[in-house]
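# Structure at a glance
One-letter residues, chain by chain:
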Amino acid sequence: MDFNPENTIPKSLFMEYNFKDIEVKWHEHWKANNAYRVSNVSEKPKFYVLDMFPYPSGAGLHVGHPLGYIASDIYSRYKRLKGFNVLHPMGFDSFGLPAEQYAIETGQHPATTTEKNIETFKKQLDKIGFCYDWEREVRTSNPDYYKWTQWIFLQLFKSWFNPELQKAESIDTLIKSFETSGAKGAGKHESDQFTADDWKSFSSAKQQEILMNYRLAFSAFGEVNWCEALGTVLANDEVVNGVSERGGHPVIKKKMRQWYLRITDYADRLLNGLNTVDFSDSMKEMQRNWIGKSEGCEMEFSLIQNSDLTPNPSPGGEGGKASILTTDPETWKLLKDFAIENRKNKTNAEDKLWQRLRNNQLDSKVRRQHVIEDFIIDFAFLNEKLLIEVDGGYHNDDQQKIYDDMRTHVMGELGYEVLRFTNEEVEQNIEDVLTKISFVLKERAPLSLGRGAGGEVKEVKTIKVYTTRPDTIFGVDFLVLAPEHELVNKITTAEQRKNIDEYLTYVKSRSDRERMSEVKQITGCFTGAYAENPFNGKQIPVWIAEYVLAGYGTGAIMAVPCGDQRDFLFAQHFNIPITNIIGEHFNGKEANPTKEATLQHSEFLDGLLMKDAIKVAIEKIENARLGKRKVNFKMRDAGFSRQRYWGEPFPIKWEDGLALAMNETQLPLELPHVEKYGPGPEGEGPLANIAEWKNQQLETSTMPGYAGSSWYFLRYMDPHNASTFCDRKVSDYWNQVDVYIGGTEHAVGHLLYSRMWTKVLYDLGLIGFDEPFKRLVNQGMIQGSSRFVYRIKGTQQFVSFGLKNQYEVDELHADVNMVDGVELDTEAFKKWKPDYANAEFILEDGKYICGSEVEKMSKSKFNTVNPDDLVLKYGADTFRMYEMFLGPIEQSKPWDTKGIEGVHRFLRKLWRLFNDDLKGKVWNDEKANDAEFKVLHRTIKKIESDTEQFSFNTAVSAFMVCVNELADLKCYKKEILEKVLILLTPYAPHISEELWSQLGNSGSILDAVYPVFEEKYLVETSKEYPVSINGKVRTNINIDLSAQQPEVEQIVLSNDIVQKWLEGKSPKKIIFVKGKMVNIVM
RNA sequence: GCCCAUGUGGCGGAACUGGUAGACGCAGCAGACUCAAAAUCUGCCAUUCGCAAGGGUGUGAAGGUUCGAUUCCUUUCGUGGGCACCA
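Here is a short report on the structure shown in this document. (Residues numbered from 1 in each chain as written. Chains lettered and ligands numbered in written order. Predicted model: local features only at pLDDT ≥ 70, side-chain atom pairs only at ≥ 80, totals over all residues. Heavy atoms only, no water.)

This paragraph deals with the overall build of chain A. What chain A contains, in helices and strands, is 37 helices and 39 strands. The burial tally for chain A puts 50% of its 1082 residues in the buried class. Summed over all atoms, the accessible surface of chain A reaches about 50500 Å², with 49% contributed by carbon and sulfur. (Helix = DSSP H or I, 4+ residues; strand = E, 2+ residues; numbered from the N terminus. Buried < 20%, exposed > 50% of the residue type's maximum accessible area, 1.4 Å probe, protein only. Areas by Shrake-Rupley, 256 points an atom, 1.4 Å probe, with all protein chains shown as cover.)

On to the state of the cysteines, then. Evaluated as defined, the whole model comprises zero disulfides. Cys971 forms no disulfide, and the closest cysteine sulfur to it belongs to Cys962, at a distance of 8.8 Å. (Disulfide = S-S within 2.5 Å.)

Attention now goes to the sheet that holds strand β38 (residues 1069–1073). With mixed pairing, the four strands of this open sheet are ordered in space as β37-β36-β39-β38. Each end of this open sheet is capped by a strand with a single partner; those strands are β37 (1032–1040) and β38. Neighbour-to-neighbour, the strand axes of this sheet turn through a mean angle of 20 degrees, independent of strand direction. In this structure, strand β36 (residues 1022–1029) lies alongside strand β39 (residues 1077–1081), joined through three bridges in parallel fashion. Paired with Val1027 across the strands is Val1078, a residue of β39. (Pairing = 2+ DSSP bridges. Axes fitted to C-alpha atoms, helices over the stretch in contact; angles between N-to-C directions.)

Within strand β15 (residues 462–467), five of the six residues are buried, which leaves the element mostly enclosed by the surrounding structure. Of the strand pairs in this sheet, strand β10 (residues 293–303) and β15 are connected by six bridges, and their pairing is antiparallel. When the bridges of β15 are listed, Phe301 appears paired with Ile463.

Turning to the protein's contact with RNA strand B, a few remarks are in order. By nearness alone, 47 residues border RNA strand B, and Thr468, Arg566, Leu886, Arg905 and Arg908 come closest of all. Within 4 Å of the protein, atoms of RNA strand B come from sugar and phosphate in 61% of cases. A distance of 3.0 Å separates a phosphate oxygen of RNA strand B from a polar atom in the side chain of Asn953. Broken down by secondary-structure element, the contributors of at least two residues to the surface near RNA strand B are α11 (281–291), β15, α31 (900–912), α33 (952–968), β36, β37, β38 and β39. For the surface near RNA strand B, the class distribution of residues is 19 nonpolar, 13 polar and 15 charged. (Near = heavy atom within 4 Å. Polar contact = N/O pair within 3.5 Å; in protein donor to acceptor, adjacent residues only side chain to side chain. Nonpolar A, V, L, I, M, F, W, Y, C, P; charged D, E, K, R; others polar.)

The next subject is helix α27 (residues 750–763). With 14 residues, α27 should reach 20 Å at 1.5 Å per residue; the first-to-last C-alpha distance of 20 Å fits that figure. Among the 14 residues in α27, 13 count as buried, and that is most of the element. (Expected span 1.5 Å × (residues − 1).)

A few words on the nonpolar core. Among the nonpolar cores identified, the biggest contains 162 residues, and Trp259, Phe640, Tyr712, Leu714, Phe725, Met881 and Tyr987 are the most heavily contacted of them. Looking at this core, the element that brings in the most residues is α33, giving nine residues. Other than its neighbours up to four places away in sequence, Tyr712 contacts Leu50, Asp51, Met52, Phe53, Val138, Tyr145, Tyr740 and His750. Of all hydrophobic cores here, the second largest spans 56 residues; its members include Val507, Ala571, Leu605 and Ala617. (Core = buried A, V, L, I, M, F, W, Y, C linked by side-chain atoms within 4.5 Å. Contact = heavy atoms within 4.5 Å.)

This part is about helix α7 (residues 171–181). Within α7 the residues assigned to the buried category are Ile171, Leu174, Ser177 and Phe178. Seen from one end, α7 has its buried residues packed into an arc of 115 degrees, which puts them on one side. Of the exposed residues in α7, those oriented more than 90 degrees away from the buried face are Lys176 and Thr180. On its buried face, α7 is in contact with β3 (159–162), β4 (167–170), α8 (196–201) and α9 (204–212). Phi turns positive one or two residues past the end of α7, at Gly182, with a value near 65 degrees. (Arc of directions from axis to C-beta.)

Under the definition given, this model contains 76 aromatic pairs. On the numbers, 6.1 Å between centres and 10 degrees between planes, the contact of Trp354 with Phe379 is stacked. Here Phe379 lies in strand β12 (residues 375–381) and Trp354 lies in helix α14 (residues 348–357), a separation of 25 residues in the sequence. For the residue pair Trp354 and Phe379, the accessibility class agrees, reading buried in each case. (Phe/Tyr/Trp six-rings, centres within 6.5 Å; stacked < 30°, edge-to-face > 60°.)

Our focus in this paragraph is the pattern of salt bridges. Summed over all chains, the structure comprises 43 salt bridges. For Lys25, the salt bridge goes to Glu994, with nearest N and O atoms at 2.9 Å. Pair noted here: Lys25 is in helix α2 (residues 19–32) and Glu994 is in helix α35 (residues 989–998), with a separation of 969 residues, a long-range link. Overall, Lys25 belongs to the partly exposed group, its relative accessible area being 41%. The shortest N-O distance in the salt bridge between Asp738 and Lys774 comes to 3.4 Å. With Asp738 in the loop between α26 (728–734) and β24 (739–742) and Lys774 in the loop between α27 and β25 (776–778), this pair connects stretches of sequence that are 36 residues apart. (Salt bridge = Lys/Arg side-chain N within 4 Å of Asp/Glu carboxyl O.)

Read across the open sheet, the four strands follow the order β2-β1-β24-β25; overall the sheet is parallel. Each edge of the open sheet is held by one strand with a lone partner, namely β2 (85–87) and β25. For this sheet, the mean inter-axis angle between neighbouring strands, taken without regard to orientation, is 20 degrees. Sheet topology places β24 next to β25; three bridges connect them, and they run parallel. Across the sheet, the residue bridging to Ile741 is Val777, located in β25. Across the sheet, helix α3 (residues 66–81) lies against β1 (46–51), β2 and β24, angled at about 170 degrees from β1, the strand it touches most.

So, in structure tokens, the structure goes:
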């Protein structure tokens, strides 16, 4: 073998692009020099770039996570080079369900696992080279942080929304107003009817109860989405098609005391604020949809009185009851005797409750020991059909339980609701009991049912509907009430009673899941009652149907079959005659919801265009005092309680059924240690299992995930402040988040809540801006590209994709990492799982071809790719640039590792402009020429505008073009190259810093001066004009740029190719766009 | 059903306010260097007719506006996302 000294020298150690050493070296250097520390004091203008902080899950990062982080990192570094003081922090949304689920399964404390996960995340993030100032890290589960979450909650609790000023203010202003003018005046609820003197005479409890109806954070009994399997209450957006988003468990409605945020008060401002921020159209649209503003009017229809209408029917009869007897007659007798025995011995609790209920104390007449059917009821509110039962804690007694259930069932059949309390509840917590009773009473009180001094029943006279189309008033063919509507029982005629009861039973039997997932089915029932069209006296039948929702508008609609498809189908199904008020616009086969038709058969609206008639109709309705203009929102107040452990405790104590705010100096109220993470009694959270907590009467639910994330962007500004959540001076400096980057999945949750919190804090004068995020950039999701193999049922034979239809097969996921394109590595597959060791393959063309599908990236689908592996193999700079090169940032796309080589090659090519593998240093100090300057400045221009617009994929390609051109020009000149490095720093910081220092620069490239684009280097004197004939390009002709039309015409027409195409004819017209093109029209 | 996106080579994608469609990269093909491989470099690469020169066709489909349309308008189909009986 020849001795060749060059072969024996390990050149690569110092000549080749050795990304591993370079990246480690500069990480350490930047860390040691605190290169990413950000100060709140600076001469420079500020810029705030924010990522949606991650929930630190146990699975670690996959290639999808860093996409947004890389984009924001590039933008931050770019802004820093442009001379801004850039805040670009990172933290962790570390409270949440998964950690708690994991704790239930393994017994490990969520704090421990969360801490561990965060360390993993940080390690992974640091490898990619992000410029976070870790000294500003926030963790929502840290007491120093959630102290202020609790504090802000107290501000919400202590505030109300003054609709006159459209802003939040201290609840004290409301109290003052009650003291001086009672319930009269702007912003007071209609239901509150009292004078200033009344107010002063109210007990403190009653006052607090009223105030609770105004607080921005308030407590109420409400129907919540209860998930038995998870043992918790879920937000609407955590429920998908009637099952939980996590785990897909069934979700039912349940009444519980809950905390809420009165976000509906902010509906209008949340809507209008969208016009002042730079979010994508689709994002704004999603929020608008969620808020769901609709303008229309409420109006009343009088009921036609006739002898059939029995306001308070009592159907009775044995028939209904027998069917639900679940025990045999013998047991039934025993139970009954046993129960009656018990009832005879009146308890203290019953007496205590009686003292608080009697004499209309809850504004409603109550009877005690009332007999209904075969039962003796402790307390009965007959008007509201609400029954109260008090018993000694027999809940665990099986027999008693069966008996109770049966009673509830029977009473339910008769239209009664039964509330049950234990003796202990009544004796120890009577206020809570009363609150609950009065809540349900209010809910069950008939709307138009006057309650006189003696509690006498007045007859039901009207039904109030909500409509956005009052112009169609003469097309109303029937009214529909929601089945839950309180008037249903009052207006149903004796004749229809049986049918209605059957229908109500049917509705109750259907779970939410059925109601939501089922294909549209037309169901309903006639009540027997008729209403009257106030304008023409027409008799209108009143129906009930599932398709009308109790929770929206008034829970009743006027149905116009010719204009609304649901009404149309309903009318068709039940053979209700349809009135046509739009002539030929209605074809009798489907409804036409147009607003453009001219009205007919509509008396005072005849001849008007529908869209114009809306205003006219509303005016008429208002003048006739039949109703009024009304705006409705789909959005509901946000449920703010979770029956969970791993969240912020509420700084609230319950005393005699009243919620009391803890003193702010006592914050944080720290999460206590628990032994078990399972739910507490009665669906309460795990905190209810702790005696010490319970004894202090502390709230046992915790705050939801979005509590901490609703204000974290403020804490980053002033993360260590112990005396306030964020100093006003500091928040005035950093102000709004200039660019916020994250996924669309938070469009309606997190983004609405944080916008609301910001508005409240602004109203209270705690910060100086009322929209948190000036500009929002949505990164698309990186999807996984899954691969499938097809196993013939019951065998170990796997058939290739193209042949699978010939067999009966199971589709199984195969790990994407052992498939090349779609060709399976069969040997790797056999080794993958023991089950597959004996796999046989049926090939096509000698290959096993996999099926493929784009799905969410997830471990269970074997389609994840770990960024760590790619950083190890290609380096962080390559990884960063490749993720950006994949395509537009906001577009979703499946991950494909294949192209990463190309980006890596580009960086090596860049490296070779500075260093040759063999010769070492090749860069020089020579002066650059025009061609080189032209390349440089074209690149500056392109990179600058692409970076500003978050068009990072085209920026990466511009870098490639630049390096290709410089290599072609053999340009190794420092004068050019160092400018290119500065442009590249945001994208590939490590290699840029290394080469920057090799060029002999002192100081970090992080603070270099961004090159300034100069037009003069790009100025051209002539251009290759494309010349087309009749729009088709036939040739290119080089023409001086200063040339004017006549001159150009002459040059073009004298061209041989043009002459050939003209075929001797003379052109009709010659179009010349200076600097663009020439088109000859023949 | 309604709303919002989106549709361009074998693949990811580019194309400024309408002005040379396919930049850049991947994959592929051919060649150089090498004993060989890797690395690197050079060329080709929408489709079709043609030896070539050159021509036809092409941005989901069909129309329209225009001297000129991937870009604007109308209709329609496919894909992705959101809302989902909201009166």
